[in-house]
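Analysis of the macromolecular model
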Amino acid sequence: MTDQVSQESSTGAGAPSRRSVLGWGGAGLAIGAAAAGGTVAALGGGSDMAPAASAGAAVPFHGEHQSGIASAVQDRLHFAAFDVKTKNRDELVRLLKEWTAAARLMTAGLPVGDAYEGLPEAPPTDTGEALGLKPSRLTLTIGFGPGLFAKDRFGLEGKRPEALVDLEAFPGDNLDQARSGGDLCVQACADDPQVAVHAIRQLARIGFGKVAVRWSQLGFGKTSSTTPDAQTPRNMMGFKDGTRNVSGTDTAALDKHVWVGANDGSAWLTGGSYLVARRIRMHIETWDRTSLQEQEDVFGRDKGEGAPVGKSKERDEPFLKAMKPQAHVRLAHPDSNDGATILRRGYSFTDGTDGLGRLDAGLFFLAYQRDVRKGFIPIQRQLAKNDALNEYIQHVGSAVFAVPPGVRDKDDWWGRTLFA
């Protein structure tokens, strides 16, 4: 949990707002095959598209890699996994094109349709709760789960990457299948929670009848940073989390540990990555009754500064042998895992109580890597067997996805390299 190339944001002082753009054409903007061409082309595309008028930052949608991976981590998350209900490949492709068109608009701070000036007899084509809001650095990142490659579904069985493995059952797992798996996932990150929720809501609305939400997770308080000069965030246990995370500006580390290479065996995934998502519940009440010394021994860092055992500063190189053998930092460190390194951008969550008065809270762990077999799996094998932190946490949800490369321009779309 403890031990990233940041895309530049842009603003557009003279750009149309979500609200003002609804006046264009009376009925608003259509989403679909037409939107992927005419309407979106009229608005411009990607880094050329202007964000909302008053506005805050908009992260460019187009690029070699999807945004939301090495991008500077935002404050809020809405993550959703979908089951694909349609059996028609062409219908799934059309949906991915429609989703791409919608994502291109929303990340620029624009509505995906008409919220209130359309035909009174028809449902609005944008639900409207983000009208007037800034782009808030919204990023939308899509992934494809193992089920999408199953035989006799969409003809993709020969394109399943070898590294897209079904995760093994790790010691201590207590996985809820209703919070695990999925054919597709979309990670929406933004500095405004309403912007993130609106984005997932629009995609679910557009996909009605073709996909259905399998499970979703809201997150707050980022627990890892991809910007090393920023203050390290803290997790729900009060410890700094992500001190030694991969930097979003370290292109060499990203190429080595995060981005899938041209020689990695799946040409369609070149420039993409793999995502492991784990819902980790923390036994908050037990942790809160644990002594400070034991808490620090469990992590291998002090709680105030975040310095490793025997050091004075958070970013001092840790001396692993000075830590307890079961200290989390010691076991998770690349030196303890043959160099295994992952890029983390997890979030804290609280989902009320569990009916017994205990807080249902913890870490929604998100890790990107070049190969799951060489990243998350060896690290988790080590942690699952030996980590002192296991007394205070439990993995209750799990999913793995292949994350395709970025959308290059206004004519490109999510999944083109896979389905073309």
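Residues numbered from 1 in each chain as written. Predicted model: local features only at pLDDT ≥ 70, side-chain atom pairs only at ≥ 80, totals over all residues. Heavy atoms only, no water.

Scanning the protein chain for helices and strands turns up nine helices and nine strands. Expressed as a percentage of its 420 residues, the buried residues of the protein chain come to 56%. (Helix = DSSP H or I, 4+ residues; strand = E, 2+ residues; numbered from the N terminus. Buried < 20%, exposed > 50% of the residue type's maximum accessible area, 1.4 Å probe, protein only.)

Attention shifts here to the nonpolar core. Trp99, Leu140, Phe144, Leu148 and Phe419 are the most contacted members of the largest nonpolar core, which has 74 residues in total. The element that contributes the greatest number of residues to this core is helix α2 (residues 89–107), accounting for eight residues. Excluding residues within four positions of it along the chain, Phe419 makes contact with Arg89, Leu92, Val93, Leu96, Leu148, Leu156 and Trp413. (Core = buried A, V, L, I, M, F, W, Y, C linked by side-chain atoms within 4.5 Å. Contact = heavy atoms within 4.5 Å.)

Turning our attention to empty space enclosed by the protein. Rolling a probe over the atoms, with the probe sized like a water molecule, indicates the empty space that remains. For the second largest cavity, the calculated volume is near 30 Å³. Lining the second largest cavity are ten residues, and of these Thr223, Ser224, Gly346, Leu363 and Phe365 lie nearest its centre. Among the elements that make up the lining of the second largest cavity, the one with the highest residue count is strand β8 (residues 359–369) (three residues). (1 Å grid on protein atoms, 1.4 Å probe; cavity = no way out; pocket = protein on both sides within 12 Å on 5 of 7 lines; lining within 4 Å. Points joined across faces, edges and corners; volume = space filled by probe spheres on them.)

So, on to the pattern of salt bridges. A full pass over the atoms with the stated rule returns 19 salt bridges. Across the pair Arg214 and Asp83 runs a salt bridge whose closest N-O atoms are separated by 3.3 Å. Of the two residues, Arg214 is situated in strand β4 (residues 211–222) and Asp83 in strand β1 (residues 76–84); the sequence distance between them amounts to 131 residues. What makes Arg214 partly exposed here is its relative accessible area of 34%. A salt bridge links Asp354 to Arg358; the nearest nitrogen and oxygen atoms lie 2.6 Å apart. For Asp354, a relative accessible area of 26% gives the class partly exposed. Judged by its relative accessible area of 39%, Arg358 falls in the partly exposed class. Several salt bridges share partner residues, and in doing so they unite Arg279, Arg281, Asp351, Asp354, Arg358 and Asp360 into one network. (Salt bridge = Lys/Arg side-chain N within 4 Å of Asp/Glu carboxyl O.)

Under the defined criterion, the tally for this structure stands at 14 aromatic pairs. Seen in terms of ring centroids, Phe79 and Phe401 are 6.4 Å apart; in terms of plane orientation they differ by 55°. Their pairing is tilted. Of this pair, Phe79 sits in strand β1 while Phe401 is found in strand β9 (residues 393–403), placing the two residues 322 residues apart along the sequence. Here the two residues Phe79 and Phe401 agree in accessibility, since each one is buried. Plain terms: the ring middles of Trp215 and Phe364 are 6.0 Å apart, the flat faces sit at 70° to each other, and that makes the pair edge-to-face. (Phe/Tyr/Trp six-rings, centres within 6.5 Å; stacked < 30°, edge-to-face > 60°.)

Let us now look at the side chain of Gln202. Turning to its location among the elements, Gln202 is positioned in helix α3 (residues 193–206). Among the residues examined, Gln202 registers a relative accessible area of 0% and is labelled buried. A polar contact of 3.1 Å, which involves the side chain of Gln202, links it to the side chain of Arg205. Excluding residues within four positions of it along the chain, Gln202 makes contact with Met106, Val112, Thr125, Asp126, Thr127 and Glu129. (Polar contact = N/O pair within 3.5 Å; in protein donor to acceptor, adjacent residues only side chain to side chain.)

Another aspect to go through is the environment of Glu305. Among the structural elements, Glu305 can be located in the loop between α6 (292–299) and α7 (328–332). Each C-alpha atom, one on Glu305 and one on Arg315, is 9.6 Å from the other, the two residues being ten residues apart in sequence. Every residue in contact with Glu305, bar those within four places of it in the chain, is listed here: Lys240, Ser312, Lys313 and Glu314. Side-chain polar atoms of Glu305 contact the backbone nitrogen of Glu314, separated by 2.9 Å.

That's the geometry; what it means functionally is another story.
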